[in-house]
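# Structural description and commentary
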Amino acid sequence: MQRSVFHVQEDKLPKRPPVKTDLRFEDITASTGIHYVHDSSPDAKYIMESMSGGLALIDYDRDGWPDIFFTGALTVQEALAGKKAQSALYHNNHDGTFTDVTEKAGVANPCWANGAVVGDYNNDGWPDMLVTCFGGVVLYRNNGDGTFTDVTKEAGLGGDHMWAAGASFGDYDGDGWADLFVDHYVDLNLQDLPKFGSEKTCKFRGIDVQCGPAGLPGSPDNLYHNNHDGTFTDVSKQAGVDDAQHLYGLTAIWEDFDNTGKLDLFVCNDGQPNYLYINDGHGHFTDQALMSGVAADQNGNFQANMGLAFGDFLHTGKMSIAISHFSDQYMALYQNDGELNFSDISDVAGITKATNPYVGWGDGFFDFENSGWLDLFVVDGHVYPQVENDSAGDKYKEPKLFFVNNHDGTFAEVSDQVGPAFKEMQVSRGAVVGDLFNDGRLCIVVENLVGGPMIVCARGVKNHWMEFELRGEQSNRLALNARVRVTAAGMTQLNEVHSGGSYLSQHDLRLHFGLAGADHADKVEVIWPNGKVENLGALKADQIYSVSEGKGVVPHDEIVPKTKARR
Amino acid sequence: MRAQSTSLMVLLALVAMGSAAQQPATQAAAALSHELHEALSLAEHGQPRQAYEKVNEILSAHPNYASALKLKGMLLEGAGRGEEANASYAAALKITPNDPDLLYKVGVYQLIKGDRREAIQLLEHYLKYEPKDGDALFYLAQAYHLTGQNDAALKAIKACMEVKKDDPQVWQKYGELLSGTGDNENAVVWLGKAYKADASLNRIQYDLGVASFYTMDFDGAKAYAQKALADNPNDRSSLELLAAIEVKLAEWDDARQSYEKLLVENAKDVPSQLGLGHCELELKHTQRAIDIFRSLLQQDPSVALAHYYLSRAYAALGDSAQAQYEAELHRKLMDATSFEATALGVEQDRAAWEQAKKLLAAGNEDGALRVFKESESGLHATPGRPYFMVGALYMYLGEPEKGLKYLKKSLQLEPKVRGAHTYIGIYDLQQGRLDEAEAEFKAELANDPNYLNASAELGSIRYRQKKWNEAIELLVKSHTRTPGLLIELCDAYFKTGKAQDAKMTAEVIMVYAKDDQSAIDDLLSLLRANGQEELAGRIAGVGR
């Protein structure tokens, strides 16, 4: 009897046994007391009605517990009627609940907001916040008393009236002060918007949808050098990062890709080549994305490039990149091979099949199982509500995807094992990760374009962990781009403090490490942004450590500023 | 295809019907019918050569006797002379255009021959008489599929499945068509069902491999592709599939061997050269990869991906200047492609355009206007747009007077209508009225600063005015792919000392003007005038 091909498959192919995980995500949204609802247009007839939804974890009062800032947006109709967008700040009550402190903090109406990132631009130890807007940016100085002040104009950022999307603080010139990069998306005027369905570029599978970004003009980007006096100077052109081609910038992040001690810059561009600006150490950058293999997918095609995840998922000591994309464009995983060479290993890593059908946004590499290996997640949601009417069966609301690390360079998609929250269909955008309740169990906070947010926290995790909150002294105060290397049970892990990431969002600045069965780390090192390596020795597991540059582990009080904010 | 015996029976019946239908009113006609039956009788009694001679005899005296032509076709078909048989059937069909059997026969033959649109027309016609003919539905589905009408193809094959409920070949076709529409998950199900029912189906392993590949089940796809190759080691498409899967699985050495096998048969095959170069790059055989990509680009300069890989290869060799050059070239080529849709002056539905063209040719301006009004329904309908479209169409058809009349009318109705100023400006430019043309392009850009054609044309005016930097700015902004304009851009770069940009533009021109020898000649002159002998030599050698 002739054997069927199905037998060939079963007998001869090395099939990986189905991956089982004990990890579960509990949806705690209802019990948190968070009632924020993101304003959205049901029809999303204009592109700016689809692109917002970034959020930030920011411990604004430095009590050691992450608080949450949700960015608020508008519909075109509301904007034309003069309505103000409502953002929201929720204070962490340390008991699983949050309190709305938006009005008191003075951050209710920054603008029609797209995203938010955290940095300490005046080095006073109080984390400040930059909100990117449809119409420039808003810089909120943290006053150190639970309030913020809009210092956009006095900081020299008031000249930006473009559609700001991604942003990231980082000390690119190593002077100990965080500089600021802001990219911009499409150049649009509310008074003269391209009409829904009016051009070839306003169709999706034959149905009328919002126009853009293809076919619309883009906007340039800005790099602001920190003047150490509360102001910035625009150095975009001289630095070579002004985006003369006006590509559609989205998420951006600073990172020392080539381990030269100088920060490089990665910028996601929607449907266009990403930028990988390499820092020459003299204030100038050169884009090397294409030749490095991170500008396009493995076939040289430019993808949608929305959310950005960084992580050393294979313990090579180098940060790899995962980028979320549009549907029919798999999530791209670029493995950092060193010497500015990246390989698109998405297929081999096993993440293409699950990600291909969905429009991906916020994402991240985090060790939710505390196994010592970074997992990967992405939240999804279509751009066009009208897809509900197309024949391809697309949905506006989409599920979230979770991949556990197989420890061999591949991932297994286990979304259906980690609890119903990941299967709940939503129109998600930003997603950030942090240890919200200081118990070593990571949570994901998702800002949805439509409706309220979702907060899910890891459960069923028995492994050990440790976390680090860093304070720079010679380095920028929040220690942005400092790295921590943890060696436990013979395995060395690397993590880094980043401003920005995911989709126009900000993860918890504290660094989390899973230690699996190890109840201590044999060695912990901090590589400060200036390159100095500080050895913290062996540390016990299951604790959050505060580290001050040059002083090692210190009580938490010692890394918290003693004074009110610097003006 | 249906079996010959069935065909013969049907044909005999139809020939009989045909002769009856022609109702020979005269004695001569009756005699003719008698002769035909003699030929038929010979065929029935195993004497096809004699039958063939007889029918030729009839046709030499009566060349338009449809029944004789049909019989001749049948005899030729029986002798395995398909092309001649079809010619005979086609000749018969011209005389009896509603003959169902001829519609089917010629329809299927046209499909086999590759004239798919004709096949669709004939099979659709046939199915009006025989709507439940599963074979015809099967072939019609295939014809739709091959012309990219996937929805219609699926509809036809579903109708076929209603008739042929238990036919694995039909399930296979359904699976193949589902795969063609991107529904590979269901394709795998139906192909699997077909395979289980009949493992000997032609190319079933390959079909399963393709569908599995697109569901990203690369391990499964590989097993199918290997099995398909084991069954048919010389099947090129299965080997191409296997190579693509091996690339996906990062099995670079295996993929390299697969591509090398493909190139043994056809050394000039572009995808295989590209694949081989990619494998060599991944295997760190960098110089070998560069040689392959260089050779490929010399053969076909339009392969943008080769520049992408070259960029990575040069970067691996530490030649960052060359890596940057190739990266920028790749970006430029990709950029131009992505702007192709928006760069067109007329972004209109092609069907409406074609329909209106016919109406204008017939002098029916109102009809053409109506077509554009209907195609522009909904939110984006504007009062001037249909008049602009008719004007643009007249300009395209070489009737500028009528075109200008409609373009101006569109501007009266809607002063900001997109494109009208540009079309008028282009006409002014053709007439040598530079100032008037400039005013029109400026008016267009005042309405819409991102109207690409206006930017391109104004850039050309600036070039003629020797305002090199302004020309560069506008031509770059326009994302033009027009060789003439790109040559102006290239020259403007040389004039402003930007040799690197000029060289890169020349490489882009080489892609867009590869079939335009006159543009290539102009480019070569320009390059040589600027001392770029090496590049000129390379461009001159492309495709040779």
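Residues numbered from 1 in each chain as written. Chains lettered and ligands numbered in written order. Predicted model: local features only at pLDDT ≥ 70, side-chain atom pairs only at ≥ 80, totals over all residues. Heavy atoms only, no water.

### Some points on the overall build of chain B
Formally: Numbering of helices and strands starts at the N terminus; helices are DSSP runs of H or I of at least 4 residues and strands are runs of E of at least 2. This radius of gyration counts C-alpha atoms alone. The globule rule is 2.2 Å times how many residues there are, raised to the power 0.38. The classification of residues rests on relative accessible area computed with a 1.4 Å probe and restricted to protein chains. Under 20% of the type maximum is buried, over 50% is exposed, and intermediate values are partly exposed. Residue contacts follow a heavy-atom distance rule, with two residues in contact if any of their heavy atoms lie within 4.5 Å. Only the protein chains shown count as covering a residue, and every accessible area follows the Shrake-Rupley method with a 1.4 Å probe. For the purpose of counting charges, residues Lys and Arg are taken to be positive, whereas Asp and Glu are taken to be negative. His and the chain ends are not included. Lysine's charge is taken at NZ, arginine's at CZ, aspartate's at CG and glutamate's at CD.
Helix and strand content of chain B: 32 helices and zero strands. Computed over C-alpha atoms, the radius of gyration of chain B comes to 31 Å, more than 25% over the 24 Å expected from 2.2 N^0.38 for 544 residues, which places it beyond the range of a compact globule. With respect to the principal axes defined by its C-alpha atoms, chain B has extents near 85 × 65 × 45 Å. Of all 544 residues assigned to chain B, the portion counted as buried reaches 52%. Residue pairs in contact within chain B that sit at least 24 positions apart in sequence constitute 48% of those at least 6 positions apart. Surface summary for chain B: the accessible area is close to 24,900 Å², and the carbon and sulfur share equals 51%. Counting 61 positive and 76 negative side-chain charges, chain B places the centres of these two groups 2 Å from one another.

### Quick look at the overall build of chain A
Helix and strand counts for chain A stand at eight helices and 38 strands. Against the globule reference of 24 Å for 567 residues, chain A gives a C-alpha radius of gyration of 22 Å, in line with a compact fold. Taken along the three principal axes of its C-alpha coordinates, chain A extends 80 × 60 × 50 Å. The proportion of buried residues among the 567 residues of chain A is 67%. By sequence separation, contacts in chain A at least 24 residues apart represent 62% of the contacts at least 6 residues apart. Carbon and sulfur atoms make up 48% of the accessible area of chain A, which amounts to about 18,700 Å² in all. Across chain A, 42 positive and 80 negative side-chain charges occur, with their mean positions spaced 3 Å apart.

### Thoughts on the packing of aromatic side chains
For clarity, the threshold we go by: Side-chain rings of Phe, Tyr and Trp, where Trp is taken by its six-membered ring, are said to pair if the distance between their centres is within 6.5 Å; with planes under 30 degrees apart they count as stacked, over 60 as edge-to-face, and otherwise as tilted. Note on geometry: a ring has a charge over it if NZ (lysine) or CZ (arginine) is within 6 Å of the ring centre and within 35 degrees of the ring normal.
Under the criterion given, the structure shown has 47 aromatic pairs over all chains. Centre to centre, the rings of tyrosine 308 of chain B and tyrosine 309 of chain B are 5.8 Å apart; their planes meet at 45°, and the pair counts as tilted. For the pair shown, tyrosine 308 of chain B and tyrosine 309 of chain B are each scored as buried. The rings of Phe25, Phe366, Phe368, Phe377, Phe402 and Phe422 of chain A are connected pair by pair, giving a single aromatic cluster. Over the face of the ring belonging to phenylalanine 196 of chain A we find lysine 45 of chain A, whose NZ or CZ atom lies 5.2 Å from the ring centre.

### Structural notes on the domain arrangement of chain B
Residue and element names in this part refer to chain B. Operational definition: Domain segmentation is taken from an automatic or database assignment of domains. Reported buried area values correspond to the accessible surface (1.4 Å probe) lost by two parts on association, with both partners' losses combined. Distance and chemistry together define a polar contact, namely a pair of N or O atoms within 3.5 Å, with one atom able to donate a hydrogen and the other to accept it when in protein, and with adjacent residues in sequence counting only for side-chain atoms on both sides. The classification used treats Ala, Val, Leu, Ile, Met, Phe, Trp, Tyr, Cys and Pro as nonpolar, Asp, Glu, Lys and Arg as charged, and all other residues, Gly among them, as polar.
Considered domain by domain, chain B is made up of domain 1 (1-96), domain 2 (250-343), domain 3 (346-483) and domain 4 (484-544). The straight-line distance from the C-alpha centre of domain 3 to that of domain 4 is 29 Å. Each partner contributes to the interface: domain 3 provides 13 residues, whereas domain 4 provides 16 residues. Here domain 3 and domain 4 share an interface that buries about 1,400 Å² over both sides, 69% of which is from carbon and sulfur atoms. Contact with domain 4 buries surface across domain 3, with Tyr463, Ile472 and Pro483 losing the most and accounting together for 44% of the total. At the boundary of domain 3 with domain 4, the tally comes to eight residue pairs in polar contact (both at pLDDT 80 or more). A per-element tally of the side of domain 3 that touches domain 4 places helix H28 (residues 468-478) first, with five residues. By residue class, the composition of the side of domain 3 that touches domain 4 is seven nonpolar, four polar and two charged.

### Some words on the state of the cysteines
Residues and elements named next belong to chain A. We count it as follows: For this text, the term disulfide refers to a pair of cysteine sulfurs within 2.5 Å.
As enumerated under the stated definition, the model contains three disulfides over all chains in all. One disulfide in the model links cysteine 111 with cysteine 133; its S-S distance is 2.0 Å. The chirality of the disulfide connecting cysteine 111 with cysteine 133 is left-handed, given an S-S dihedral of about -70°. Of the two residues, cysteine 111 is situated in the loop between helix H4 (102-105) and strand E6 (113-119) and cysteine 133 in strand E7 (residues 128-133); the sequence distance between them amounts to 22 residues. Here cysteine 111 and cysteine 133 have matching classes, each one buried. Shown here is the disulfide that connects cysteine 443 with cysteine 457, its sulfur atoms set 2.0 Å apart. Its S-S torsion of approximately 105° makes the covalent link between cysteine 443 and cysteine 457 right-handed.

### With respect to the sheet that holds strand E2 (residues 55-58) of chain A
Residues and elements named next belong to chain A. Put simply, the test is: Pairing between strands requires that DSSP locate at least two bridges from one strand to the other. To get an axis, a line is fitted to the C-alpha atoms, and for a helix only the part in contact is used. The angle between two axes follows their N-to-C directions and goes from 0 to 180 degrees.
Read from one edge of the open sheet, four strands run E2-E3-E4-E5, paired in antiparallel fashion. Edge positions in the open sheet fall to E2 and strand E5 (98-100), since each of these has one partner strand only. Within this sheet the neighbouring strands show an average axis-to-axis angle of 20°, counted without direction. Across three bridges, the pairing between strand E3 (residues 67-70) and strand E4 (residues 88-92) is antiparallel. Counted as the bridge partner of phenylalanine 69 is leucine 89 from E4.

### Side note on the confidence of the model for chain A
Selection rule: Per-residue confidence from the predictor is reported as pLDDT, which spans 0 to 100.
Of the residues in chain A, 96% reach a pLDDT of 70 or more, and the chain-wide mean stands at 94. In the predicted structure, residues 1-15 of chain A sits below a pLDDT of 50 and forms 23 contacts with residues beyond four places in sequence or in another chain.

### Considerations on the interface of chain B and chain A
Using the following cut-off: What counts as a salt bridge is simple: a side-chain nitrogen of Lys or Arg found within 4 Å of a carboxyl oxygen of Asp or Glu.
At the junction of the two partners, chain B supplies 42 residues and chain A supplies 43 residues. Together chain B and chain A conceal approximately 3,500 Å² of surface at their shared face, both sides included; 59% is due to carbon and sulfur atoms. Inspection of the region where chain B meets chain A yields one salt bridge. Residue lysine 248 of chain B is joined to aspartate 347 of chain A by a salt bridge in which the shortest nitrogen-to-oxygen separation is 3.0 Å. The tally of links between chain B and chain A comes to eight residue pairs in polar contact (both at pLDDT 80 or more). Secondary structure elements with two or more residues in the side of chain B that touches chain A: helix H11 (184-197), helix H13 (218-231), helix H18 (304-317), helix H19 (320-338) and helix H20 (340-343) of chain B. The element best represented in the side of chain B that touches chain A is H19 of chain B, accounting for seven residues. Its residues assigned to classes, the side of chain B that touches chain A comprises 18 nonpolar, 13 polar and 11 charged.

### A few points about the pattern of salt bridges
Residue and element names in this part refer to chain B. Taken as a whole and judged by the stated rule, the model has 49 salt bridges over all chains. Between lysine 164 and aspartate 135 there is a salt bridge, with its nearest N and O atoms 2.8 Å apart. Here aspartate 135 lies in helix H8 (residues 134-146) and lysine 164 lies in the loop between helix H9 (150-163) and helix H10 (168-180), a separation of 29 residues in the sequence. The closest approach of N and O atoms between arginine 433 and aspartate 428, which form a salt bridge, is 2.8 Å. For arginine 433, a relative accessible area of 32% corresponds to the partly exposed category. Look at the salt bridges and you will find they share partners, linking Glu35, Glu38, Lys54 and Glu57 into a network.

### Overview of the nonpolar core
Cut-off, in case you're wondering: Buried Ala, Val, Leu, Ile, Met, Phe, Trp, Tyr and Cys residues that are joined via side-chain atoms within 4.5 Å together make up what is termed a nonpolar core.
Ranked by size, the top nonpolar core spans 113 residues in total, and within it Phe266 and Ile321 of chain A carry the most contacts. The residues contacting phenylalanine 266 of chain A, other than those within four sequence positions of it, are Thr251, Ala252, Ile253, Phe257, Asn274, Tyr275, Leu276, Val294, Leu308, Ile321 and Ile323 of chain A. Residues Ala51, Ile58, Leu103 and Leu122 of chain B belong to the second largest nonpolar core, which totals 61 residues.

### Details of the sheet that holds strand E14 (residues 222-226) of chain A
All names here are of chain A. Taking strand neighbours across the sheet as the criterion, the four strands line up as E10-E11-E14-E15 in an open arrangement whose pairing is antiparallel. The sheet terminates laterally at strand E10 (164-170) and strand E15 (232-234), the two strands that pair on one side only. Averaged over all adjacent pairs, the angle separating strand axes in this sheet is 20°, with direction ignored. In this structure, E10 lies alongside strand E11 (residues 179-184), joined through five bridges in antiparallel fashion. The residue of E11 that forms the bridge with alanine 164 is histidine 184.

### Notes on the side chain of glutamine 532 of chain B
Note that glutamine 532 of chain B resides in the loop between helix H31 (517-529) and helix H32 (533-540). When residues no more than four places from it in sequence are discounted, the contact partners of glutamine 532 of chain B are Phe494, Ala499, Lys503 and Leu527 of chain B.

### Observations regarding helix H16 (residues 270-282) of chain B
Residues and elements named next belong to chain B. Going by this rule: Take the residue count of a helix, subtract one, and multiply by 1.5 Å to get its expected span.
With 13 residues, H16 extends 18 Å between its outermost C-alpha atoms, agreeing within 8% with the 18 Å of an ideal straight helix rising 1.5 Å per residue. Buried within H16 we find Ser272, Gln273, Leu274, Gly275, Leu276, Gly277, His278, Cys279, Glu280 and Leu281. Next to the buried residues of H16 lie helix H14 (236-248), helix H15 (252-265), helix H17 (286-299) and H18.

### Quick notes on the side chain of serine 505 of chain A
All names here are of chain A. For serine 505, the position within the fold is in the loop between strand E33 (491-496) and strand E34 (511-516). For serine 505, the side chain forms a polar contact with the main-chain nitrogen of leucine 55, separated by 3.0 Å. Not counting chain neighbours up to four residues away, the residues in contact with serine 505 comprise Gly54, Leu55, Ala116, Val117, Gly430, Ala431, Val432 and Gly500.

### Regarding the pairing of strand E24 (residues 360-366) of chain A
All names here are of chain A. Extensive coverage of E24 is indicated by the burial of seven of its seven residues. Two elements, E24 and strand E25 (residues 375-380), share five bridges in a ladder whose sense is antiparallel. What sits directly across from aspartate 363, in E25, is valine 378.

### Details of the environment of aspartate 151 of chain B
By secondary structure assignment, the location of aspartate 151 of chain B is in helix H9. For the pair formed by aspartate 151 of chain B and alanine 356 of chain B, sequence separation is 205 residues and the distance between their alpha carbons is 26 Å.

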